[in-house]
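Each chain, letter by letter, is given below.
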Amino acid sequence: MKEATLADLRRSSKFFKTDQIIHIVNGRKKEEIGYFVPSALREDFIRFLEEVEKKRKEKLLKRVAKASKKDPIDDGAVDDGIA
């Protein structure tokens, strides 16, 4: 993985001709800005993002199921809608 500053983005012709992920930082403030993922890694990155989203949704569903289990609806009861 390469590291680049915002100033390197101004030289975009050189910056975007890579097949590596680039870690972008603000050179003045030494703060992390984000990452640049080249199109050569697009498919792998999309699969990675889908897996992260799937895990996030599973975690949320487990939380909802646990909350529902703690607050069962008996005969004649009305759901309060809290999950």
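Residues numbered from 1 in each chain as written. Predicted model: local features only at pLDDT ≥ 70, side-chain atom pairs only at ≥ 80, totals over all residues. Heavy atoms only, no water.

Engineer: What is the right way to read the sheet that holds strand E3 (residues 31–36) from this model?
Structural biologist: Reading across from one edge, E1-E2-E3 is the order of the 3 strands in this open sheet, with mixed pairing throughout. The outermost strands of the open sheet, each flanked by one partner alone, are strand E1 (2–5) and E3. Adjacent strand axes in the sheet meet at a mean angle of 30 degrees, parallel and antiparallel pairs treated alike. Pairing analysis gives 4 bridges linking E1 to strand E2 (residues 22–26), with the strands arranged parallel. Paired with threonine 5 across the strands is valine 25, a residue of E2. (Pairing = 2+ DSSP bridges. Helix = DSSP H or I, 4+ residues; strand = E, 2+ residues; numbered from the N terminus. Axes fitted to C-alpha atoms, helices over the stretch in contact; angles between N-to-C directions.)

Engineer: Can you help me understand the pattern of salt bridges in this one?
Structural biologist: When the charged atoms of two side chains lie near each other, side chains of opposite charge can form a pair. For the coordinates displayed, the defined rule picks out 3 salt bridges. In this structure, the salt-bridge partner of glutamate 43 is arginine 42, at a minimum N-O distance of 3.3 Å. For glutamate 43, a relative accessible area of 46% puts it in the partly exposed group. Overall, arginine 42 belongs to the partly exposed group, its relative accessible area being 47%. Glutamate 53 is the salt-bridge partner of arginine 56, the closest N and O atoms lying 2.5 Å from each other. (Salt bridge = Lys/Arg side-chain N within 4 Å of Asp/Glu carboxyl O. Buried < 20%, exposed > 50% of the residue type's maximum accessible area, 1.4 Å probe, protein only.)

Engineer: I keep staring at the side chain of histidine 23 and nothing clicks. Help me out?
Structural biologist: With respect to the secondary-structure elements, histidine 23 resides in strand E2. Using a relative accessible area of 14% as the deciding quantity, one classes histidine 23 as buried. Within the local environment of histidine 23, its side chain forms a polar contact with the side chain of glutamate 3, the two groups lying 3.3 Å apart. The contacts of histidine 23, once residues within four sequence positions are left out, are Met1, Lys2, Glu3, Ala4, Glu32, Gly34 and Tyr35. (Polar contact = N/O pair within 3.5 Å; in protein donor to acceptor, adjacent residues only side chain to side chain. Contact = heavy atoms within 4.5 Å.)

Engineer: Hey, could you run me through the nonpolar core in this one?
Structural biologist: Side chains that are nonpolar tend, in soluble globular proteins, to be buried together. Judged by nonpolar contacts, Ala4, Phe15, Ile22, Ile24 and Phe36 together constitute the single largest core of 5 residues. For isoleucine 22, the residues in contact, after removing those within four places along its chain, are Lys2, Glu3, Ala4, Phe15, Gly34, Tyr35 and Phe36. (Core = buried A, V, L, I, M, F, W, Y, C linked by side-chain atoms within 4.5 Å.)

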